[in-house]
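Analysis of the macromolecular model
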Amino acid sequence: MLETVRNFTALSEEFVEESLRLWPVAATAAGIHDYDDRLPDDSPEGLQARGAWLRDLEQRLAASVVWEEMPTESRVDYAQLRSRLSVLRAELEEIRVRAGDPVQVLGTALDGVALLMARPFAALEERKEAILARLMATSDYLAGARAGLGPMPAVWIGLALEVADGAPGFVQEVVHELLRAFPTDAERIEHAGVRANAAVAEFRDALERT
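Please read these numbers as outputs of a predicted model, since none were measured by experiment. (Residues numbered from 1 in each chain as written. Predicted model: local features only at pLDDT ≥ 70, side-chain atom pairs only at ≥ 80, totals over all residues. Heavy atoms only, no water.)

**A closer look at the overall build of the chain**
A tally of helices and strands in the chain yields eight helices and zero strands. Each principal axis of the C-alpha distribution contributes one length, and for the chain these read about 60 × 40 × 20 Å. Counting only residues that meet the buried cut, the chain has 44% of its 210 residues in that class. For the chain, the share of sequence-separated contacts (at least 6 apart) that also reach a separation of at least 24 residues comes to 78%. Counting every atom, the chain has about 11000 Å² of accessible surface; 54% of that belongs to carbon and sulfur. (Helix = DSSP H or I, 4+ residues; strand = E, 2+ residues; numbered from the N terminus. Buried < 20%, exposed > 50% of the residue type's maximum accessible area, 1.4 Å probe, protein only. Contact = heavy atoms within 4.5 Å. Areas by Shrake-Rupley, 256 points an atom, 1.4 Å probe, with all protein chains shown as cover.)

What follows is the structure, given as structure tokens:
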């Protein structure tokens, strides 16, 4: 029983820690700020690696945790973890939610910045570098995610175009607020804003050509 409990605890901790790293915007939303300077890797390769990890963790959980040896109070946690792994894997590999949803892609990039701007969990000076890092990462993130998009419903493309049209105004608001607070960093701040807006414009153009 003790070995089973130790295995389950270790795998549960791995799931939490790795999930936060792989879904950094979700981590920020949950109040975990270890990965605030990152956006997820939603490229085809990134999604494939994420799915492989989920499958591997699911297999190790089934192989090393014996249900009959689990304490009664831990069996609900075990069932919930197995269920969560199955749902995440299905979303990635079967339903392929990301493949047809450009709105979610844009939302991830913009929400990653908006959460850091809106939530005063630390002084703006402490959040600034993470905000700039995410603005700078928008280009690689959108390019990678765009490569993973497949056939998309016309209505979702239309919604994504609307989101993209509003993005430059949001980015400029972020830039202006940072410039007011940190005028000596003007060059870096403006460069990050220009880079992010260029990435969104490129993503939008690709959607229009779809």
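Read on, since the account is not over.
**What about a nonpolar patch on the surface?**
A surface patch of nonpolar side chains, about 270 Å² in accessible area, is lined by V155, W156 and L159. On the secondary structure map, W156 appears in helix α7 (residues 154-181). (Patch = residues over 30% accessible without salt bridge, like charges linked within 9 Å, V, L, I, M, F, W, Y side chains within 5 Å. Salt bridge = Lys/Arg side-chain N within 4 Å of Asp/Glu carboxyl O.)

**What to know about the nonpolar core**
Counting residues in hydrophobic clusters, the biggest one holds 21 residues, and the most contacted among them are V105, L106, Y141, L142, V200, F203 and L207. Those elements that place two or more of their residues in this core are α5 (102-118), α6 (124-147), α7 and α8 (186-208). Excluding residues within four positions of it along the chain, L207 makes contact with P102, M152, I157, A160 and L161. (Core = buried A, V, L, I, M, F, W, Y, C linked by side-chain atoms within 4.5 Å.)

**Some thoughts on the packing of aromatic side chains**
Under the defined criterion, the tally for this structure stands at three aromatic pairs. Taking 6.0 Å as the distance between ring centres and 55 degrees as the angle between the ring planes, the aromatic pair formed by F8 and Y78 counts as tilted. Taken together, the positions of F8 in helix α1 (residues 2-22) and Y78 in helix α4 (residues 72-93) put the pair 70 residues apart, joining distant regions of the chain. By relative accessible area, which is 8% here, F8 ends up buried. With a centroid separation of 6.2 Å and an interplanar angle of 10 degrees, the aromatic rings of F15 and W53 are classed as stacked. A residue pair is termed long-range when its members are at least 10 positions apart, and F15 in helix α1 and W53 in helix α3 (residues 44-64) qualify at 38 residues. Owing to a relative accessible area of 12%, F15 belongs among the buried residues under this scheme. Following the ring pairs from residue to residue traces out a cluster consisting of F8, W67 and Y78. Stacked on the ring of W23, the Lys or Arg R50 has its end atom at 4.8 Å from the ring centre. Lying across the ring of F182, K128 places its NZ or CZ 4.7 Å from the centre. (Phe/Tyr/Trp six-rings, centres within 6.5 Å; stacked < 30°, edge-to-face > 60°. Lys NZ or Arg CZ within 6 Å of the ring centre and 35° of its normal.)

**Digging into the environment of Y35**
Along the polypeptide, Y35 turns up in the loop between α2 (24-29) and α3. Y35 sits 14 residues away from R21 along the chain, and the two C-alpha atoms are 6.5 Å apart. With residues near it in sequence (within four places) discarded, Y35 still touches E17, L20, R21, P24 and R134.

**Examining the side chain of D42**
As for its position among the elements, D42 is in the loop between α2 and α3. In this structure the side chain of D42 is engaged in a polar contact, spanning 2.9 Å, whose partner is the side chain of R50. (Polar contact = N/O pair within 3.5 Å; in protein donor to acceptor, adjacent residues only side chain to side chain.)

**A few points about the pattern of salt bridges**
Taken as a whole, this structure holds 16 salt bridges when the rule is applied. In this structure, D42 and R50 form a salt bridge, with 2.9 Å as the shortest nitrogen-oxygen distance. Judged by its relative accessible area of 4%, R50 is buried. Between R89 and E93 there is a salt bridge, with its nearest N and O atoms 3.5 Å apart. Here E93 and R89 lie together in helix α4, a separation of four residues that amounts to about one turn. The partly exposed category is assigned to R89, whose relative accessible area is 21%.

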